[in-house]
Amino acid sequence: MHYAVDKLPDVGIIFPEVSKALDINWTPHRQWSESSDQRLNARQKEAIIAITSPLTSRFPPIFLIGPFGTGKTYTLAQATKLILQQPNTRVLICTHSNSAADLYIREYLHPFVQAGNDSARPLRVYFHGRWVATVHPTVRLYCVMSENEMQFVQPTKDMIMKHRVVVATLSTSRDLSHLDLEQGVFTHILLDEAAQAMECETIMPLALATKNTRIVLAGDHMQISPHVHSEFARDRNLHISLLERLHDMYPVEHQCKILLCENYRSHEAIVSYASKLFYEGKLLSSGQQPASEKYFPLTFFTARGEDIQDKNSTTFYNIAEVYEIVERVKEVQRSWPKEWGSLTDTSIGVVTPYTDQVYKIRSELRKQRLGNVTVERVMNVQGK
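Keep in mind that what you see is a predicted model, and the values were worked out from it rather than measured. (Residues numbered from 1 in each chain as written. Predicted model: local features only at pLDDT ≥ 70, side-chain atom pairs only at ≥ 80, totals over all residues. Heavy atoms only, no water.)

Draft legend 1. Expanded view of the pairing of strand β5 (residues 188-191). Side-chain alternation along β5 places His188 and Leu190 on one buried face and Ile189 and Leu191 on a second face that is also buried. Across four bridges, the pairing between strand β2 (residues 91-95) and β5 is parallel. From the neighbouring strand, Leu92 faces β5, where its bridge partner is Ile189. With four bridges connecting them, β5 and strand β6 (residues 214-219) associate as parallel partners. Residue pairing in the sheet places Leu190 in a bridge with Val216 of β6. (Buried < 20%, exposed > 50% of the residue type's maximum accessible area, 1.4 Å probe, protein only. Helix = DSSP H or I, 4+ residues; strand = E, 2+ residues; numbered from the N terminus. Pairing = 2+ DSSP bridges.)

Draft legend 2. Just the pattern of salt bridges, in detail. According to the stated counting rule, one finds nine salt bridges in the structure shown. Close ionic contact of Glu199 with Arg245 constitutes a salt bridge, the shortest N to O distance being 2.7 Å. With Glu199 in helix α9 (residues 199-202) and Arg245 in helix α11 (residues 242-249), this pair connects stretches of sequence that are 46 residues apart. The partly exposed category is assigned to Arg245, whose relative accessible area is 21%. A salt bridge links Glu376 to Arg362, with the nearest nitrogen and oxygen atoms 3.7 Å apart. (Salt bridge = Lys/Arg side-chain N within 4 Å of Asp/Glu carboxyl O.)

Draft legend 3. How the structure looks around the side chain of Ser53. Mapped onto the secondary structure, Ser53 falls in the loop between α3 (42-52) and β1 (62-65). Owing to a relative accessible area of 4%, Ser53 belongs among the buried residues under this scheme. Among the polar contacts listed, one links the side chain of Ser53 to the backbone oxygen of Ile49, at a separation of 2.6 Å. (Polar contact = N/O pair within 3.5 Å; in protein donor to acceptor, adjacent residues only side chain to side chain.)

Draft legend 4. Expanded view of the packing of aromatic side chains. Following the criterion strictly, the structure yields eight aromatic pairs and no others. With 6.4 Å between their ring centres and 55° between their planes, Tyr104 and Tyr108 make a pair best called tilted. In this pair, Tyr104 and Tyr108 both sit in helix α5 (residues 98-114), four residues apart, roughly one turn of the helix. Between the aromatic rings of Phe278 and Tyr279, the centroid separation amounts to 6.4 Å while the plane-to-plane angle is 70°, which identifies the pairing as edge-to-face. Residue classification places Tyr279 among the buried positions, given a relative accessible area of 12%. Through a chain of ring-to-ring contacts, three or more aromatic side chains come together here, namely Tyr74, Tyr104 and Tyr108. Over the face of the ring belonging to Tyr126 we find Arg124, whose NZ or CZ atom lies 3.9 Å from the ring centre. In this structure, Arg245 is placed above the aromatic ring of Phe15, and the distance from its NZ or CZ to the ring centre is 4.4 Å. (Phe/Tyr/Trp six-rings, centres within 6.5 Å; stacked < 30°, edge-to-face > 60°. Lys NZ or Arg CZ within 6 Å of the ring centre and 35° of its normal.)

Draft legend 5. A look at the nonpolar core. Grouped together as the largest cluster of nonpolar side chains are 78 residues, with contacts concentrated most on Leu176 and Leu206. Here the element with the most residues in this core is α5; it accounts for seven residues. With residues near it in sequence (within four places) discarded, Leu206 still touches Leu8, Pro9, Ile13, Ile14, Ile189, Leu191, Ile215 and Leu242. Trp336, Val358, Leu365 and Val373 belong to the second-largest nonpolar core, a separate cluster that totals 12 residues. (Core = buried A, V, L, I, M, F, W, Y, C linked by side-chain atoms within 4.5 Å. Contact = heavy atoms within 4.5 Å.)

Draft legend 6. Quick peek at a nonpolar patch on the surface. Taken together, the side chains of Met222, Tyr273, Leu277, Phe278 and Phe300 present a nonpolar region at the surface, about 560 Å² in accessible area. Tracing the sequence through the fold places Tyr273 in helix α12 (residues 268-278). (Patch = residues over 30% accessible without salt bridge, like charges linked within 9 Å, V, L, I, M, F, W, Y side chains within 5 Å. Areas by Shrake-Rupley, 256 points an atom, 1.4 Å probe, with all protein chains shown as cover.)

Draft legend 7. How the structure looks around the packing of helix α13 (residues 319-334) against helix α14 (residues 355-367). Where α13 contacts α14, the axes come no closer than 9 Å and their chain directions differ by 45°. With respect to their mutual orientation, α13 and α14 come out oblique. Classified by chirality, the crossing of α14 by α13 is right-handed. Residue-level inspection shows Ile319, Glu321, Val322, Tyr323, Ile325, Val326 and Val329 of α13 in contact with α14, the latter providing Gln357, Lys360, Ile361, Glu364 and Leu365. Grouping the constituent residues of the contact of α13 with α14 by class yields eight nonpolar, one polar and three charged. (Axes fitted to C-alpha atoms, helices over the stretch in contact; angles between N-to-C directions. Parallel < 35°, antiparallel > 145°, perpendicular 65-115°, else oblique. Left-handed = near helix turned anticlockwise from the far one by under 90°. Nonpolar A, V, L, I, M, F, W, Y, C, P; charged D, E, K, R; others polar.)

Draft legend 8. Up close: the packing of α3 against helix α4 (residues 72-83). Across the interface, α3 lies against α4 with an axial gap of 9 Å and an inter-helix angle of 40°. In terms of axis orientation, α3 runs oblique to α4. α4 is crossed by α3, and the crossing has right-handed handedness. Along the contact surface, α3 presents Gln44, Ala47, Ile48, Ile51 and Thr52, while α4 presents Tyr74, Thr75, Leu76, Gln78, Ala79, Leu82 and Ile83. Residue composition of the contact of α3 with α4, by class: eight nonpolar, four polar and no charged.

Structural data, given as structure tokens:
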């Protein structure tokens, strides 16, 4: 934490002036320009125009606020492609998790490079102690590795300067500040999953920023916030992310505060429920997901049991819930609608807050020959 604060070149970056009106070239012609991806909706295009506006126009950090399924990562990826078409630009993409960072490589940058855009070839910075076998082969193509490809290696300054896109987690971005890189070497710094990280984590990559750097924070402070268990720290608001703090600091109608409100992932009933409960009715359903004939899209089941904590564990499990989950997985498989496409073991996901519950559910599913069903903790699936 102290290192992040000490390396920050200008506190004005995280305490910006937001009272002045901005000059963002937002016109219908630019909004619907044929050069941009036509799948982008109006709010996504508005965000991209702000992100890709000339750096001669100084903006405070741009917020891309979006509930689940509204295309925050997709929007940042499309903005990155447009930034790379501008001369003398270099982009640093940071996420809170490795899985989110890898998504940029696998889903967006790798296909972009394969399509002939070699200048967009990214550099993926991994922690040197990460087990190589756990990283997707496509992602490893863009990592710095030892000669025998058995270990990740930290990049050098020259390696960074040879790439126009660098992808890292917030924690590994600290390694970049040790490379004697000049502040401002990245013209654009895009921070995804910014609402999940503590403020000191989020400002780590900002050690390489200047007042001219275009900074973007994407996330949703209505979802999972930073996990801070210390009452001492919580009393000092260290559980509030940089995104949430600045979101409350900006005027309601500020031009750099962009809300993505069209959900493409969930059924209308789920979107409507979340919209009324958390988003003041602003969330719209645009995905047109078909419903099951047997179950309402949001259905609750009860399981009579008790939470058990083993002697040397800090988490819990509930056997009754484990059995209930396994039965529901089998039942959903039996009643799988044709409209949902082909059924595979990975078509169903199970989410639970506790690690021990994850292990118990996985174990029981394996006994039923359903070992490929995805079971994860809540913290591991946000954004996927």
